[in-house]
Amino acid sequence: MKHTFFFLFACLIAANCGAQTRPSDILLLGTFHFHNPGADVAKTKTFDVMAPKAQAELETITQKISAFHPDKIFVEWPWDEQLELDKLYNAYLGSQFEQFVNTTYPAKRQNFFLKNEIVQLAFRAGKKAHLTRIYALDYTKTSFPFDSVLKAMQAAKQVALLQKSQDAIKHYETSQNQKLETYTLTQLLLDANSPGELTLNKGLYLDILNRAGTTDNFAGAFLVSEWYRRNLYMYSLVQKTMTPQDGKALVLVGSGHAAMMREFIASDQQFRLKELKDVLK
């Protein structure tokens, strides 16, 4: 019975693929966080996106994204807080964004709303593209017990693996901080979305963390599975929100998420990856 089910399921997939319409183009834009709260394991410097040069670049970048004509834009905002995102974007469309933020949120949160990539990049591009809504796709109900993974390595006497994890984090911090000091915003985004950088983003999880612990301790594999789960849930929101009438979309997420979603898009016959370098050329 089980084999019959999987046979029928495979036939259904094949039939659907045969009737497939043209896949939608997904512009997957991985980025560092413009307003860096320092919450990640790797600690990096901030980049002043409000500086005149960066603001001029953002105008050019978002104009080119607008010319890509996305039908929908997805951002790393909690999926179950869509109404709040709607209020923020509506205020932005009405040129009342700063006033809305200043009267709605405490002072310590105002800088986040004014400087983050959702506003500076996605809202700006959405307004230029005449979109009436920006879609939330972040899913945060997952657990990333990094300290438990380190303890599992120590308990298993995985000295070399522990050192490798620390070296990987340190290398990323040093490399990223150097880029933040010397690259333009456009260069930073193109670099973050290059295949080599995206592969490095996944490497820490599979090459290092998934090996953590003894054969009866799966702390590392649990953390990695939670990372996959978070990204799969986020990606499912793109899949379920896009309609056959939507020919193009921008998905703006942290570069770690983009590394995972790039892998998902490659296996999804309804979508086709659009490279950032081709949009910004």
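1. With respect to the packing of aromatic side chains
Enumeration over the complete set of coordinates arrives at 15 aromatic pairs. With a centroid separation of 6.2 Å and an interplanar angle of 50°, the aromatic rings of W77 and F113 are classed as tilted. Of this pair, W77 sits in strand β2 (residues 72–78) while F113 sits in helix α5 (residues 107–115), placing them 36 residues apart in sequence. W77 sits in the buried class, given a relative accessible area of 5%. Between the aromatic rings of F112 and F113, the centroid separation amounts to 5.1 Å while the plane-to-plane angle is 75°, which identifies the pairing as edge-to-face. For F113, a relative accessible area of 1% corresponds to the buried category. Members of the aromatic cluster, connected to one another through ring pairs, are W77, Y105, F112 and F113.

2. Quick word on the side chain of Q82
Relative to the helices and strands, Q82 resides in helix α3 (residues 82–93). Within the structure, the side chain of Q82 is placed 2.9 Å from the backbone nitrogen of A136, a separation counted as a polar contact.

3. So, the pairing of strand β1 (residues 24–31)
Of all eight residues making up β1, eight are buried, and the element is well covered by its neighbours. On β1, burial covers both faces: S24, I26, L28 and G30 on one face and D25, L27, L29 and T31 on the other are all buried. Direction of pairing for β1 relative to strand β5 (residues 271–274): parallel, over a ladder of four bridges. For D25, the partnering residue across the bridge sits in β5 and is R272. Sheet topology places β1 next to strand β4 (residues 248–254); seven bridges connect them, and they run parallel.

4. Remarks on the pattern of salt bridges
Charged atoms that come close allow side chains of opposite charge to pair. Tallying each qualifying case throughout the model produces 15 salt bridges. A salt bridge links D207 to K164, with the shortest nitrogen-to-oxygen separation between them at 2.9 Å. On the criterion of sequence distance, the pair formed by D207 in helix α10 (residues 195–208) and K164 in helix α8 (residues 159–182) is long-range, its members being 43 residues apart. For K164, a relative accessible area of 38% corresponds to the partly exposed category. Within the structure, one salt-bridge network assembled from shared partners comprises E59, R124 and K128.

5. Some words on empty space enclosed by the protein
Summed over the entire model, instances satisfying the criterion amount to one cavity of 30 Å³ or more. Here the largest cavity is characterised by a volume of approximately 100 Å³. Around the largest cavity sit ten residues that line it, and Y172, Q176, A192, E197 and S255 are the ones nearest its centre. When residues of the lining of the largest cavity are traced back to their parent elements, those giving at least two are α8, α9 (185–192) and α10.

6. Focus on unusual backbone geometry
Despite not being glycine, S95 shows a phi value in the positive range, around 55°. Relative to the helices and strands, S95 is located in the loop between α3 and α4 (97–104). What makes S95 exposed here is its relative accessible area of 61%. If you check the backbone angles, K157 has positive phi at about 55° while not being a glycine. Relative to the elements of secondary structure, K157 occurs in the loop between α7 (146–155) and α8.

Definitions and limits used
- Residues numbered from 1 in each chain as written.
- Predicted model: local features only at pLDDT ≥ 70, side-chain atom pairs only at ≥ 80, totals over all residues.
- Heavy atoms only, no water.
- Phe/Tyr/Trp six-rings, centres within 6.5 Å; stacked < 30°, edge-to-face > 60°.
- Helix = DSSP H or I, 4+ residues; strand = E, 2+ residues; numbered from the N terminus.
- Buried < 20%, exposed > 50% of the residue type's maximum accessible area, 1.4 Å probe, protein only.
- Polar contact = N/O pair within 3.5 Å; in protein donor to acceptor, adjacent residues only side chain to side chain.
- Pairing = 2+ DSSP bridges.
- Salt bridge = Lys/Arg side-chain N within 4 Å of Asp/Glu carboxyl O.
- 1 Å grid on protein atoms, 1.4 Å probe; cavity = no way out; pocket = protein on both sides within 12 Å on 5 of 7 lines; lining within 4 Å.
- Points joined across faces, edges and corners; volume = space filled by probe spheres on them.

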